Amino acid sequence: MNIIESGISFRGLSNRSRTTRIILHHAAKATCSVQDIQRWHLANGWAGIGYHFVVRKNGTIERGRPEHTQGAHASGSNFDSIGICFEGNFDAETMGAAQKNAGIELIQYLKNKYGISKVYGHRDLMATGCPGNKFPFNDLVAGRMNNPYSGWVKDEKGWWYRNANGSYPKSCWLKLDAWYYFDEQGYALSGQWIRYKNKWYYLKSDCRMATGWQKVDGRWYYLKQDTGEMLTGWQEVGGNWYYLSKSSDDLPEGAMATGEMKDGNHTYYLQDSGAMLKGWIKRKGSWYYYNEDNNCQPIGSMMRNHWQGGYYLKDDGRMASGEVLEIGGERFEFGADGKVKK
Ligand SMILES: [Zn+2]
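Just so we're clear, the structure is a prediction, and the values are computed from it rather than from any experiment.

Draft legend 1. Spotlight on the nonpolar core. Of all hydrophobic cores here, the largest spans 20 residues; its most connected members are I22, L24, F53, I84, F86 and L140. Taken together, the elements giving at least two residues each to this core come down to β2 (21-26), β3 (53-55), β5 (81-86) and α2 (97-114). Residue contributions to this core peak at 5 residues, all from α2. Other than its neighbours up to four places away in sequence, F53 contacts I3, I61, E62, R63, G64, E67, I82, G83, I84, C85, L106 and L110. Residues A27, I49, V54 and C85 belong to the second largest nonpolar core, which totals 8 residues.

Draft legend 2. View of the packing of aromatic side chains. The final tally for this structure, using the stated rule, is 28 aromatic pairs. Taking 5.7 Å as the distance between ring centres and 70° as the angle between the ring planes, the aromatic pair formed by W160 and Y168 counts as edge-to-face. Classification of Y168 by relative accessible area gives partly exposed; the value is 36%. Relative to W179, the ring of W173 lies with its centre 6.4 Å away and its plane at 85°, an arrangement referred to as edge-to-face. Taken together, the ring pairs in this structure connect W152, W159, Y161, Y180 and F182 into an aromatic cluster.

Draft legend 3. Molecular detail of the pattern of salt bridges. On inspection of all chains with the given rule, the structure shows 17 salt bridges. In this structure, the salt-bridge partner of R56 is E62, at a minimum N-O distance of 3.0 Å. E62 shares its class with R56; the two are buried. Across the salt bridge formed by D206 and R208, the nearest N and O atoms sit 2.9 Å from each other.

Draft legend 4. Up close: the sheet that holds β5. Across the sheet, 6 strands lie side by side as β1-β4-β3-β5-β2-β6; this open sheet has mixed pairing. In the strand order of this sheet, the two ends are held by β1 (3-4) and β6 (118-121), each with one partner. Relative to strand β4 (residues 61-63), β1 runs parallel, the two sharing 2 bridges. Bridging across to β4, I4 finds its partner in E62. Lying over the sheet, α2 contacts β1, β2, β3, β4, β5 and β6, oriented at roughly 175° with respect to β5.

Draft legend 5. Just the coordination of the zinc ion, in detail. With distances of 2.0 to 2.3 Å, the protein atoms coordinating the zinc ion are H25 (ND1), H122 (ND1) and C130 (SG). For the zinc ion, the donor residues sit on a single chain with the sequence spacing H-x96-H-x7-C. Of this pair, H25 sits in strand β2 while C130 sits in the loop between α3 (122-125) and α4 (137-142), and the two are 105 residues apart along the sequence. For the pair H25 and C130, a shared accessibility class is recorded, and that class is buried.

About the criteria used
Residues numbered from 1 in each chain as written. Predicted model: local features only at pLDDT ≥ 70, side-chain atom pairs only at ≥ 80, totals over all residues. Heavy atoms only, no water. Core = buried A, V, L, I, M, F, W, Y, C linked by side-chain atoms within 4.5 Å. Buried < 20%, exposed > 50% of the residue type's maximum accessible area, 1.4 Å probe, protein only. Helix = DSSP H or I, 4+ residues; strand = E, 2+ residues; numbered from the N terminus. Contact = heavy atoms within 4.5 Å. Phe/Tyr/Trp six-rings, centres within 6.5 Å; stacked < 30°, edge-to-face > 60°. Salt bridge = Lys/Arg side-chain N within 4 Å of Asp/Glu carboxyl O. Pairing = 2+ DSSP bridges. Axes fitted to C-alpha atoms, helices over the stretch in contact; angles between N-to-C directions. Donors = N, O, S within 2.8 Å, 3.2 Å for Na, K, Ca; no water.

In structure tokens form, the structure reads like this:
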């Protein structure tokens, strides 16, 4: 415990003959130091601050009136007591952990030093509201410390996560309500990709690891639902097939492809939504058919040199129409609608 010597001077103090109890007060003011109270009490015409100690909200303890002298804090009870004042107005606010823990330490210290056990609130002794209805009197006397804070902290550089013992995660993942990644300084990454064990992950603007579909710089990516790792290549999601670029493709790795795409010997068509097309589509004035079943060609691949429901798909995939073709040694005349004329 560290008591700050305030170095304030007093006019004509008298020594206290005995010490049998501790009396607790609040300042009834949200913010004040020992010097502020000194000014107020001097203005009362007193010898100086009436309390022996002031416990600040930040947990520091400031010395007021010298400990062996008689205080001026509880009329009729000053002759045998030590007065402690807590910064704050505990009719209006609750006490934070730092101040509470410091108060507990000080009370315990004085009890041991003087071999006493009696602690009072000012209002136990006279008609006053001090130290306030929200003052944690029982916790202070019983020495019930507030658990130190653990949780998110924001400072000028960003968000970090404080463990109860004051340590913090760095250069690692941490699962809270979602997964988070902390850099070597302990700040949670946001709005960026991270390469981890040869996989890409994305940390959203709220620092949470992305899962599922995620749009980044105008392109869609798919992060595996449970682990968050970026997927590449053909992936079936929600009953549709998508192509997520590989590092060897033109698009950035993982980016969802749209439009026509060649893979091996086959051509596929990815709709604007990214979902692979199956069935008929008319593009650039011609009809095409993309395989709806797994017979003879992979599903979704553009059918070529193939009869489909009475229509013929040529070598370039276009449906034959308004033309005469020889197929398998036979002549076929196709109408403008693609149907065989005879
Ligand atoms: Zn009081």
